[in-house]
Structures are given as C-alpha cells and as structure tokens.
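Working through the structure, step by step
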Number of protein chains: 2
Amino acid sequence: MARIAPLSGFPEWLPQGRIVEQHVLDVLRRTFELHGFAGIETRAVEPLDQLLRKGETSKEVYVLSRLQELDEAEQKERGDKQLGLHFDLTVPFARYVLENAGRLTFPFKRYQIQRVWRGERPQDGRFREFTQADIDVVGAGELPYHYEVEVPLVMAEAFGALREIGLPPVRILVNNRKVAEGFYRGIGLSDVEGVLRQIDKLDKIGPEQVAALLVDECGASEDQAKACLALAGISGSDASVIADVRMLAESYGAVTELLTTGLAELETLVVAAGRRAPGVVVADLKIARGLDYYTGSVYETVLVGHEQLGSVCSGGRYDTLASDGKNTYPGVGLSIGVSRLVSRLLSGELVTATRSVPTAVLVAVTAEETRPLSDAVAGVLRERGIPCEVAPAAAKFGKQIKYADRRGIPFVWFPGEPGQGADDAGGVPAATGAGLAGSVKDIRSGDQVDADAKTWQPPAEDLHPRVVPGGGSGK
Amino acid sequence: MARIAPLSGFPEWLPQGRIVEQHVLDVLRRTFELHGFAGIETRAVEPLDQLLRKGETSKEVYVLSRLQELDEAEQKERGDKQLGLHFDLTVPFARYVLENAGRLTFPFKRYQIQRVWRGERPQDGRFREFTQADIDVVGAGELPYHYEVEVPLVMAEAFGALREIGLPPVRILVNNRKVAEGFYRGIGLSDVEGVLRQIDKLDKIGPEQVAALLVDECGASEDQAKACLALAGISGSDASVIADVRMLAESYGAVTELLTTGLAELETLVVAAGRRAPGVVVADLKIARGLDYYTGSVYETVLVGHEQLGSVCSGGRYDTLASDGKNTYPGVGLSIGVSRLVSRLLSGELVTATRSVPTAVLVAVTAEETRPLSDAVAGVLRERGIPCEVAPAAAKFGKQIKYADRRGIPFVWFPGEPGQGADDAGGVPAATGAGLAGSVKDIRSGDQVDADAKTWQPPAEDLHPRVVPGGGSGK
C-alpha cells in the first residue's frame, strides 16, 4: 500500500487532540444541559430538495448515490428522493420540529452536536467535514424576546468555562435587525437588504468604498451613506450605545417605531449581559449577518487575538424557523464551529492534554503466569473508578515503565509476589483480597509506596487526563 | 410544506429516546476509558478504492459527489479520488493506524463511537445510518493472545453496566478459528472456508441440509460431514467444552498442532471469562463469522430473549488489520451495534427516561418585571450543578407548573417577593444574596418547602434524568 496522505478539509486528531476536543464537547454539553436544553441528533442526510431551499448553499452540498443501481422495487419504495449530507444543523432541526411537532413541547430548547459537510474549498479554519454545536429555542406560533437574551448568555457561559483550559477570551458581537432596518427606513432608504450587504463589506473594503457602493447600488445620497456609516461605527458594551444610536437617529429625524422597538430589545440584551457576563457581549451596529432570514437579534463571536479566524459562534432570531403552512415556528439560536475552534487550539498549541490515554495506572506483570493477579488488581482499581491498563508483556520492569512513560500514564503498580496470599489459580487473589497488596510508583517523581488496590487512590488531578493551557502563542 | 415522513432506515429519536441513547453511549465510553482505551474519531469519508477492497460490501457504499461540477484547479488538487461514506469503523481505523503509525504508541488501544452508512434495504434492526461503538487493540508486528481475552471481557463489563437500566442479559459466543481449521484439516478436509460457509448456515437450514452441502460442495464424506456437525454441536461455558472438543478430535484421530494451539487459547478465554464475567461468555463451536480475515478468536453477542435481532456485538482477531508493505499490524476488536440495541430498547419499551429534558428545576416568573430575579435564582442553582430553566412567561402559576409537568421536570421554584431584599434593578438580588430565598415545590407529591437558592439541593436521584427499566416486554 502506498503512503497514505490526509484528505484536505477532513480534519482528524491524534488521541491527545481528541481528548482536547472531547473536553470541549463535554463542557458544551454540560453547560447546555445546565440551562435545560435537551440533546437531540438528526440523521446526516436530508432530501436534496430540502437542502436546496436556501439557494446560496447549493454548491456546497454533497449528494449521495449508491454504488449499485437501485433495483426497481427499491426505486419505487424510495420515490425520486435524492439525498444529500446536511451542511448545517438548522435545516435538519427545522425538519425535525415539523416532523415531530405533535410529540414535542414548546417552547422547545434543544442542543445538537454533530458533524456537517460542505464541499467548499478547504482553507485555514474552513473544512469540508466539521462539528457544530448548536442551541436553539423554538416556539409554536410565538417566542418571547427574552430567549434572544438567553442564548448568547448560555454561549458566554460555555466559552467562559473553557477559559481555564487556555481558550482566549471571546467577544460576542450583537446587533438587532429592527434597529438597522428602522434606521435605514427612517432616513429614507428602502433597499434594506442592499444596504446591509454593503455594510457587511466594511471590514474588507473600508468606509470610502462602502459609501460609494451605497450611492451607486442602493440609491443613497452622500448624506444617507454618511448616516449609514455613522450607525455602523457605533459599538459598546453598556446602555450608552443605545443612547448613541438614538441621538444619531434623532439628528437625522429618523426615529421610527421599528427603531424604537429594536433599541429597547438591544438595551435589554446589553443590560442583562453587562450583569451576567460582564465584558463579553458587545453591541456592534455593523454586524449584518445573513439578514435575509434573521428578523431580530444577530450574533457573531470572535476569539480575542484570533479575529482573522472569523466567527466561531454565530446565529440570530428568525421568525420562521419552520412552517407547515398552518403553524409557524419562530426561533433563536447560535452555532459554535467546534472544529474551527479545536483546530486553532491544537495548531496554535494553546491547549494540550496531560496524557494521550485515559489510563491513570499501568499494572505491571511480573511473569505471564501471574497475569491473572495483575488483571485482578486492575479490576479492583476500576471498580473504584480508576482507569487502568495491564502491561502488554511480562517484560523487564524498566520496559514496562517505559510503556507508561510514552503514554503519559502517571503511575505503575507492581503486584505483590504471587506467593503472598494469592491462591493457586495462577496467582489470583483469594476472596480475602490477599494479593491485592503491592507497591505503586509515581513515574514522574520516582516515589514508590506500598499500597493496597482496595484503598489506594491517585490524586484527583491524576485520575483523568486534564486539558490545560499549552505553551503556544497561537499566532 | 407537505407533511413530512421519516426516511426509512435513518432512525431518529425523540428527546426522551436520545437520553436513553446518550446514557448507553456514556456507559460505553466510561467502561472503555476505565480499561485504558483512547477515544478517536475518523472522518466519515474514505477514498472509494479503499472502501471497495472488501468486495463483499461494495453494493452497500454511499458514494459522494458535489452538486456543482468541480472546477479545474480543484480537480487537479483532489486527483481522481472518489469518496464514499464509511460502512464500518474498522476500515477507517486501519487507514488511521497506517497514516499515523509514527505518532502512535503500540499496542494501541482505541475506542471509536461513530455513525456508519450502508445502502442496504432497511429492516427491523438493520439501518442505513447507524451508530457503532468499537474497541480494538492493534499491535505493531505482533499482538499477544491475552488481548483476545480482554476485549470480550471489556464488552461483558459494558453490557453488565447496562443491566440496571433494563438491558436484557447478553451471551457472548466465542470460537477460535484455529480450532475449526485444525479440526477440519485433522479429519482430512482442506476447503476450510467452504466448510465454514456451510456451517454458518446451521441456524437457518438445519443439520441435514448442511451435511448434504458439505458432501456436495466441500467434497466431504458422510463421516466427515458428521464430524463437522458434531464439532458445531459443542458449546459450553467452562473448561469441559475444551475436553469435549479434544475427545471428539481424538475419536477421529484429528488432533493437529493447530487444533491444540486453538484449544489452549479457547481454554484460556473460557477460564478467564468464567472468573471475571461468570455466565456471560459461552464457547460455541458453530460460530463461523467472516472467517476470511479472522485468524483466531471470533465473537458474536446475542441479547437473551431477543436472539432474532441478530448479533449486537461482533468481531474477532485478525493478523493483518493493516499493512503498509513493510509493517503489519495485527489486531483484535469488537463492535457494538448501538442503534440496533437502542432501537430495541425503545421500541420494546424495555427502557425509559424519567423525563424528556435535563432540567431539574423550573424557576417560575412572578411578573415579567421580576424575570431578572428568576434568572438570578437559576444562575445560583446552576453554579451548584443543578440544571434549571426559567419559565417562558409570567403566566398563572398553574400554567407554569403545567410547563414543568409536561416535561417531567420534578421541581418548581417560586422566587420570594421582589420586595424581600431585592435591589432596585428589576428585582435582582443584591450581592448579599437576599432575594435568593423562595419556596420550592415537588410537583409530583405537591410538597412545598421554603428554600434558599444558595443551599437547597434536590435529591441526588432527581438531579439528572435517569434511565430506568420500562414497562414493556420487548417482544
């Protein structure tokens, strides 16, 4: 077989990297569950026509076909449905809500952590297969605004819990579509989506070019363009940002009802966030984000010091997550790009795991004949929740210690001599527990102490691999 | 939008079912990690030529194509490689081992819990998308026999840990290819694979027809066919089964070196299993299982009382899991069909979750103005690990209790009156913690007690949803 190369865009981690990823996923799950979000998973495939309803993403979809031609009965059974891999977790969730509406309770709070696939050209932080972690709250017919405050604060808590392993701080940037639309209409611009599309380019092409585009493409006057840029320039993390917007709007005589509603919402969010997650949430009036289907709050999240990575957690409020014609389900949600985050944590050496295996103790084997004794010691330790392995061979102890050392296993257990209280069955300890005595060596310090498998306990911090800040700058 | 029907063969669970599945996965992960298996995940796709190396499975593979034609640069970049979804976790693991051999430590013990896809016709317990949970131990160049004892015992422990939620007992049926091959050769049959193929049909077509096929297809005499059936008829869970095989072989003068080696291995396994997992492992000499690549132990697992479901955990020893021409990696592994298992647990109502959400406490909202007080109470409870939700609206308390009841949330918290120690900021308790007092009602019993959010603790069994035996017979 020829040398095997990785597939570009399909990231995989070594065991130590997977421990980091698993830790991130565990923290997310724990945070989401603490807030009452129920975990669900959906199938990986959806009918192609469903996936293509958002036209913009059509080029990214992976389509499935079976290698063998379908036989006739199967074709009939399956109808014409062509299947594709989902490219996000929102489309499948919307379908799941409609399919199960009668069996769910609303408002329905769910989290969903799964892989998605996009046939895009791979780049740094942009993959063809990656894991997303989504939370959404979806209502039947209506959904109170306070959920638009809750979801970014849940994510702030999750990111906060990841700070201790070395995740840089995040800024969750929020805006409200009602504010933007209310303001644009107030100053006399009706092509709201057009304006937002140009504003979205600010970071890339700068204010002069955006102003020119607003005039050329959206029919804005120079003064209107200036007003739009002034609005986009406003940001802040306390109520003063609301006053700034109001003052700007008043100076243009652009205070509409929609603007007022949007500002009240944005203020509620900024005030609550200032109290519950100080410094994390920033109102940033230039955030435009997919405003074709978002109708209220919109969110983006940057890792401080890694802004060029793009948003690691985005979402917003949509009045129609799903609709079956009779019923409409509004929602609000946020999606973390887990692979993008973990990939940066690993490649930047921001974070590392203290070992590559779950094992806390390697139980040495004195001779193959006494392997059952080592198995018994390991069994007793495991009963008390201590992850163990038994050495692969009754090699010299130095070699067995090396086995542990190469994996980062902190302790090696040396069973007592088989004569010492073991019964005849190959050194297996009798029910009295004799034979479970031995000695245990911390191979980092070299300290070795006598110990009994029924009572010895490793320090809590050595029980499981820990995920800790790495030495890298991440740049 | 038209009514949405499920896709046959692509199972999904409601939130309560997902809690059951998640519990099963958590137990498996915990057991595997206690035994020192490192978790990895591989990408969902492999180059088609790799997937098709096992010819037998070619018809099951889902092939991917991008909806849009590839542009020229991309074609060049990707070469000719067509991708398919993996149909098991063994092929990707073998590729992962070769790709990362220089960065892994051997013997390498890994577990892998992921979805796989097969384009088969869906049936009861047979899906097109399903989750497998695999453990394998792979060596570089060599792998001691004792790992063939370890892997089924790890699985026995995992299944044992699932008994308490209502999983029926399992029987792990084991055989050893060396025994079968040694015996067949000993009685003068050289078409070992042919004989095994016929023996594999015993359960379906019975001994008479198998005997006829052995004669017709494998060139066996009537006496040789009888001997094969006699071997296949032997089973048992202690060392007597070894004696039975040896006696049978002696009576045919068929004691070969291979047979003797195989019997010694099988005896080691049966004796260790009898000690460490009494009654679970059964030597069953008719287990034939994919013997084209297995070379030592083979395993199948049935749920007692649900034998018609087929094997829920299968695998074996293979001398060549992977090879790069220079190095060969022998392995032994077992794979649990998680979806098959969970599907039966749910459809048979063998198991249920005590609620449909993680939430232990619903914090009621007295008035929308005092929602921040309820948020603060929930925040304090969460800091102590208690999953909470805040009520969606300041409805009548009866309606808020109904919200909890419909989800199985056991407790509803009623915040103290906002006047009682809350500060001016919308009823948010001051740093002193005043305002965190309230009362909490167990809505199952109706008992209501005064409580402080900083100290009140729900009973441990109510903290998280539990997975418990259901009322169904499972038939």
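Bear in mind that the values here come from a model prediction, so they are computed numbers and not experimental data.

1. With respect to the relation of the copies chain A and chain B
When chain A is fitted to chain B, the best match, at an RMSD of 0.0 Å, comes from turning it 180° and sliding it 0.0 Å along the axis. These values place the two chain copies in the arrangement generated by a two-fold rotation axis. Ranked by how close their C-alpha atoms come to the rotation axis, the residues of chain A are headed by Leu64 of chain A, at 2.5 Å. Looking at the interface residues of chain A, 100% of them are also at the interface in chain B, so both copies use one shared face.

2. Some remarks on the interface of chain A and chain B
With 99 residues of chain A at the interface, the matching set in chain B holds 99 residues. Here chain A and chain B share an interface that buries about 8400 Å² over both sides, 54% of which is from carbon and sulfur atoms. Applying the counting rule to chain A against chain B returns eleven salt bridges. Of the charged contacts, one joins Asp26 of chain B and Arg29 of chain A as a salt bridge, the two residues approaching to 2.7 Å between their closest N and O atoms. Connecting chain A to chain B are 38 residue pairs in polar contact (both at pLDDT 80 or more). The element that contributes the greatest number of residues to the side of chain A that touches chain B is helix H1 (residues 15-34) of chain A, accounting for nine residues. Its residues assigned to classes, the side of chain A that touches chain B comprises 46 nonpolar, 19 polar and 34 charged. The pairing of strand E3 (residues 62-66) of chain A with strand E3 (residues 62-66) of chain B spans five bridges and is antiparallel. Within E3 of chain B, the position partnered with Arg66 of chain A by the bridge is Tyr62 of chain B.

3. Concerning helix H11 (residues 257-276) of chain B
Residue and element names in this part refer to chain B. For H11, which comprises 20 residues, the first-to-last C-alpha distance of 29 Å matches the rise-based estimate of 28 Å (1.5 Å per residue) to within 8%. Of all the positions in H11, only Leu259, Gly262, Leu263, Glu265, Leu266, Leu269, Val270, Ala272 and Ala273 are classed as buried. Lining the buried residues of H11 we find helix H5 (146-162), strand E7 (170-176), helix H6 (177-186), helix H10 (240-251), strand E9 (281-284) and strand E10 (297-303).

4. Some points on the pattern of salt bridges
Residues and elements named next belong to chain B. As enumerated under the stated definition, the model contains 47 salt bridges over all chains in all. Of the charged contacts in the structure, one is a salt bridge between Lys109 and Glu150, with a shortest N-O distance of 2.8 Å. With Lys109 in strand E5 (residues 108-117) and Glu150 in helix H5, this residue pair connects regions lying 41 residues apart in the sequence. The same class applies to Lys109 as to Glu150, namely buried. A salt bridge links Arg371 to Glu368; the nearest nitrogen and oxygen atoms lie 2.8 Å apart.

5. What to know about the side chain of Ser311 of chain B
Residues and elements named next belong to chain B. Positionally, Ser311 belongs in the loop between E10 and strand E11 (313-323). Within polar-contact distance, the side chain of Ser311 engages the backbone oxygen of Cys313 at 3.3 Å. With residues up to four places along the chain from it excluded, the contact list for Ser311 reads Glu300, Thr301 and Arg340.

6. Focus on the sheet that holds strand E12 (residues 328-337) of chain A
In sheet architecture, strand pairing relies on hydrogen bonds along the backbone and comes in two forms, parallel and antiparallel. All names here are of chain A. With respect to topology, nine strands assemble into an open sheet ordered E1-E5-E6-E12-E11-E10-E7-E9-E8, the strand pairing being mixed. Strands at the two margins of the open sheet, each flanked by one partner only, are strand E1 (38-39) and strand E8 (235-236). For E8 and strand E9 (residues 281-284), the ladder comprises two bridges, and the chain directions are antiparallel. Paired with Ser235 across the bridge in E9 is Asp284. Where helix H12 (residues 338-347) meets the sheet, it contacts strand E6 (129-138), strand E10 (297-303) and E12, and its direction lies at approximately 15° from that of E12.

7. Details of the environment of His306 of chain A
All names here are of chain A. Assignment of secondary structure puts His306 in the loop between E10 and strand E11 (313-323). Judged by relative accessible area, His306 falls into the buried class, the value being 3%. Distance from His306 to Val170, taken between C-alpha atoms, is 9.5 Å for residues 136 residues apart in sequence.

8. Focus on the sheet that holds strand E17 (residues 437-442) of chain A
Residue and element names in this part refer to chain A. In spatial order, the strands read E15-E14-E16-E17-E18; together these five strands make up an open sheet with mixed pairing. Unpaired on one side and paired on the other, strand E15 (388-390) and strand E18 (448-452) mark the two borders of the sheet. Adjacent strand axes in the sheet meet at a mean angle of 30°, parallel and antiparallel pairs treated alike. Lying on the sheet, helix H14 (residues 397-407) is in contact with strand E14 (361-363), E15, strand E16 (411-415) and E17; it crosses E16 at an angle near 145°.

9. Digging into the packing of H6 of chain B against helix H9 (residues 222-232) of chain B
Residue and element names in this part refer to chain B. Viewed as axis vectors pointing N to C, H6 and H9 meet at an angle of 160°, and their least axial separation amounts to 10 Å. One element, H6, and the other, H9, form an angle in the roughly antiparallel class. Regarding H6 and H9, the two cross each other, and that crossing is right-handed. In this structure, H6 uses Ala180, Phe183 and Tyr184 to contact H9, whose residues at the interface are Ala227, Cys228 and Leu231. Of the residues in the contact of H6 with H9, the class split is six nonpolar, no polar and no charged.

10. Here we look at the packing of aromatic side chains
Counted by the stated rule, this structure contains 21 aromatic pairs over all chains. On the basis of an interplanar angle of 75° and a centroid distance of 6.4 Å, the ring pair of Phe183 of chain B and Tyr184 of chain B is categorised as edge-to-face. Judged by relative accessible area, which is 0%, Phe183 of chain B ranks as buried. Measuring from ring centre to ring centre gives 5.9 Å for Trp413 of chain B and Trp456 of chain B, while their planes differ by 70°; the resulting arrangement is edge-to-face. Pair noted here: Trp413 of chain B is in strand E16 (residues 411-415) and Trp456 of chain B is in the loop between strand E18 (448-452) and helix H15 (460-463), with a separation of 43 residues, a long-range link. An identical accessibility class is assigned to Trp413 of chain B and Trp456 of chain B; each is buried. Taken together, the ring pairs in this structure connect Phe183, Tyr184 and Tyr252 of chain A into an aromatic cluster. One cation-aromatic arrangement involves Arg110 of chain B over Phe93 of chain B; the distance from NZ or CZ to the ring centre is 3.8 Å. Above the ring of Tyr403 of chain B, the side-chain terminus of Arg407 of chain B is found at 3.6 Å from the ring centroid.

11. Considering helix H10 (residues 240-251) of chain A
All names here are of chain A. Taking 1.5 Å as the rise per residue, H10 with twelve residues should run 16 Å; its terminal C-alpha atoms sit 16 Å apart, in good agreement. All of the buried residues in H10 are Val241, Ile242, Val245, Leu248 and Ala249. Projected down its long axis, H10 shows its buried positions confined to an angular sector of 130°, all on one face. Opposite the packed face of H10, turned more than 90 degrees from it, sit the exposed residues Met247, Glu250 and Ser251. Looking at the packing, one finds that the buried side of H10 touches helix H6 (177-186), helix H9 (222-232), E8, helix H11 (257-276) and E9. Phi for Gly253, located one or two positions after H10, is positive at around 60°.

12. Remarks on unusual backbone geometry
The peptide bond linking Phe106 of chain A to Pro107 of chain A adopts the cis configuration, its omega dihedral lying at -5°. The backbone phi angle of Glu349 of chain B is positive, close to 50°, even though this residue is not glycine.

Quick notes on the rules
- Residues numbered from 1 in each chain as written.
- Chains lettered and ligands numbered in written order.
- Predicted model: local features only at pLDDT ≥ 70, side-chain atom pairs only at ≥ 80, totals over all residues.
- Heavy atoms only, no water.
- Least-squares fit on C-alpha atoms with pLDDT ≥ 70 in both.
- Contact = heavy atoms within 4.5 Å.
- Buried area = accessible area lost by both parts, 1.4 Å probe.
- Salt bridge = Lys/Arg side-chain N within 4 Å of Asp/Glu carboxyl O.
- Polar contact = N/O pair within 3.5 Å; in protein donor to acceptor, adjacent residues only side chain to side chain.
- Helix = DSSP H or I, 4+ residues; strand = E, 2+ residues; numbered from the N terminus.
- Nonpolar A, V, L, I, M, F, W, Y, C, P; charged D, E, K, R; others polar.
- Pairing = 2+ DSSP bridges.
- Expected span 1.5 Å × (residues − 1).
- Buried < 20%, exposed > 50% of the residue type's maximum accessible area, 1.4 Å probe, protein only.
- Axes fitted to C-alpha atoms, helices over the stretch in contact; angles between N-to-C directions.
- Parallel < 35°, antiparallel > 145°, perpendicular 65-115°, else oblique.
- Left-handed = near helix turned anticlockwise from the far one by under 90°.
- Phe/Tyr/Trp six-rings, centres within 6.5 Å; stacked < 30°, edge-to-face > 60°.
- Lys NZ or Arg CZ within 6 Å of the ring centre and 35° of its normal.
- Arc of directions from axis to C-beta.

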